[in-house]
Amino acid sequence: MPVTALLGRLKQGHRTIGFPVSEPVLPDRYRGRPALDAAKCEAGCEACAAVCPTQALRIKKGKPGIDLGACLFCGECAGACKSGALRFTREYSLAARTRADLQAGLEPAKLAAALDAKARSLFGRSLKLRQVSAGGCNACEADTNVLNTVVFDLGRFGVQFVASPRHADGLLITGPVPENMRLALRKTYEALPPPKLVIAAGACAISGGPYVGHPEVHNGAAELLPVDLYIPGCPPHPMTTLDGLLRLLGRIESD
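Residues numbered from 1 in each chain as written. Predicted model: local features only at pLDDT ≥ 70, side-chain atom pairs only at ≥ 80, totals over all residues. Heavy atoms only, no water.

> Could you clarify how one ought to interpret the overall build of the chain in this entry?
Looking only at helices and strands, one finds eight helices and nine strands in the chain. Since a compact globule built from 255 residues should have a radius of gyration of about 18 Å, the 19 Å found for the chain is in line with a globular shape. Projecting the C-alpha coordinates of the chain onto the three principal axes gives extents of approximately 65 × 45 × 35 Å. Looking at the 255 residues of the chain, the share that counts as buried comes to 48%. When contacts within the chain are restricted to residue pairs at least 6 apart in sequence, those whose partners lie at least 24 apart make up 76%. A total accessible area of about 13,300 Å² is found for the chain, and carbon and sulfur atoms account for 52% of it. When the 30 positive and 23 negative side-chain charges of the chain are each reduced to one mean point, those points stand 4 Å apart. (Helix = DSSP H or I, 4+ residues; strand = E, 2+ residues; numbered from the N terminus. Rg over C-alpha atoms; globule rule 2.2 N^0.38 Å. Buried < 20%, exposed > 50% of the residue type's maximum accessible area, 1.4 Å probe, protein only. Contact = heavy atoms within 4.5 Å. Areas by Shrake-Rupley, 256 points an atom, 1.4 Å probe, with all protein chains shown as cover. Lys, Arg positive; Asp, Glu negative; His and termini not counted. Charge placed at Lys NZ, Arg CZ, Asp CG, Glu CD.)

> Explain unusual backbone geometry to me, please; I cannot follow it from the model alone.
Trans is the common state for peptide bonds, and a negative phi is the common state for residues other than glycine. A cis geometry characterises the amide bond from F19 onward to P20, with omega recorded as 10°. Each neighbour pair has its own omega, and for C234 with P235 the value is -5°, a cis peptide bond. One can find P235 in the loop between β9 (229-231) and α8 (238-248). Positioned with a positive phi, N138 is a non-glycine residue whose angle comes to about 90°. Tracing the chain through its elements places N138 in the loop between β5 (127-133) and α5 (139-145). For N138, a relative accessible area of 49% puts it in the partly exposed group. Of note, V177 is a non-glycine position whose phi angle comes to about 60°, a positive value. Mapping V177 onto the fold places it in the loop between β7 (170-174) and α6 (179-191).

> Can you help me understand the nonpolar core in this one?
Generally speaking, soluble globular proteins have nonpolar side chains that are buried together. Grouped together as the largest cluster of nonpolar side chains are 38 residues, with contacts concentrated most on L57, L171, I173, L185 and L225. Residue assignment for this core shows that the elements contributing at least two residues are α2 (47-50), β4 (86-88), β7, α6, β8 (197-201) and α7 (203-207). In terms of residues, this core owes the most to one element, α6, which gives three residues. Residues within four places of I173 in sequence aside, it is in contact with V132, A134, L185, V198, I199, A200, A201, A205, A221 and L225. Ranked by size, the runner-up nonpolar core spans 30 residues in total, among them Y92, L154, I199 and L245. (Core = buried A, V, L, I, M, F, W, Y, C linked by side-chain atoms within 4.5 Å.)

> Explain the packing of aromatic side chains here, please?
The geometry of an aromatic ring pair is captured by the separation of the ring centres together with the interplanar angle, meaning the angle of the planes. Enumeration according to the criterion identifies two aromatic pairs in this entry. Each ring, one from F19 and one from Y92, has its centre 5.9 Å from the other, and the planes form 75°; the classification is edge-to-face. On the criterion of sequence distance, the pair formed by F19 in the loop between α1 (3-12) and β1 (34-36) and Y92 in the loop between β4 and α4 (117-123) is long-range, its members being 73 residues apart. Accessibility classification places F19 together with Y92 in one group, the buried group. Both rings, one in F73 and one in F88, keep their centres 6.0 Å apart while their planes meet at 55°; by these two values the pair is tilted. On the criterion of sequence distance, the pair formed by F73 in the loop between β3 (63-66) and α3 (76-80) and F88 in strand β4 is long-range, its members being 15 residues apart. With a relative accessible area of 9%, F73 lands in the buried category. For K196, the ring lying beneath its charged end belongs to Y189, and the centroid distance is 4.3 Å. (Phe/Tyr/Trp six-rings, centres within 6.5 Å; stacked < 30°, edge-to-face > 60°. Lys NZ or Arg CZ within 6 Å of the ring centre and 35° of its normal.)

> Help me out: how do you make sense of the side chain of R33 in this one?
Topologically, R33 is positioned in the loop between α1 and β1. For R33, which is buried and forms no salt bridge, the nearest opposite charge comes from E91, at a distance of 5.8 Å. Apart from the residues within four sequence positions on either side, R33 is in contact with L68, F73, R87, F88, T89, E91, S93, L94, A109 and L111. (Salt bridge = Lys/Arg side-chain N within 4 Å of Asp/Glu carboxyl O.)

> Explain the pattern of salt bridges here, please?
A pair can form between side chains of opposite charge whenever their charged atoms are brought close. Applying the stated criterion to the full structure yields three salt bridges. Between D67 and R99 there is a salt bridge, with its nearest N and O atoms 2.8 Å apart. Here the residue D67 occupies a position in the loop between β3 and α3, and R99 occupies one in the loop between β4 and α4, the gap between them amounting to 32 residues. Among the salt bridges present, the one from R247 reaches D243, with a minimum N-O distance of 2.8 Å. Pair noted here: R247 and D243 are both in helix α8, with a separation of four residues, about one helical turn. Both residues of the pair, R247 and D243, belong to the buried class.

Structure below.
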């Protein structure tokens, strides 16, 4: 390697983030978990729900509730809320173990719990994943691939993406799973040696996203496969994905 290249590397210094020991630095425009100030919410106002493109936000008994699995984090609801009752926080911990935990409204979140002791003994230090793009737009796929860069260095946690499902412990699925991907996804899942995990990443893979209800879409992975971890977002920020994976492996304890 040329001397100039070596000097350049030394000048760059250490690029890998300190997470989970230290908190990550998020972009200024980052939108995390939505929050509601009930005291500011105007009775009878449904402006926020009216503009939601996926009906993730609904008014029940005069209070808005949100399905994080369907939310695109587009911010339209917060923009339509004239009273300022609804806003997006900078909270990046969003992953959950069950679909129901993503539909808990705007109450305190139930974050992903770790796998049981037996599963952690198998996957806790070495987890190989096969990523499957099931009709995705490439946004979730791109932000998942970012985890392999020196900034996040997913490999330091023993997690690695592999080329073949026969070398994998689980699938990380993106996209709404259209009918023309149903058989391919099923065969990929069956090629995994047991025991195996399934992770649904992004609104499309969780609920169908903006394509929910379309006759050619299966509204996410859970209609076809048992899902062990749901990672919300459109796309999920790399920190949300990393946080969810580490919680699943017991490397971060849920509150």
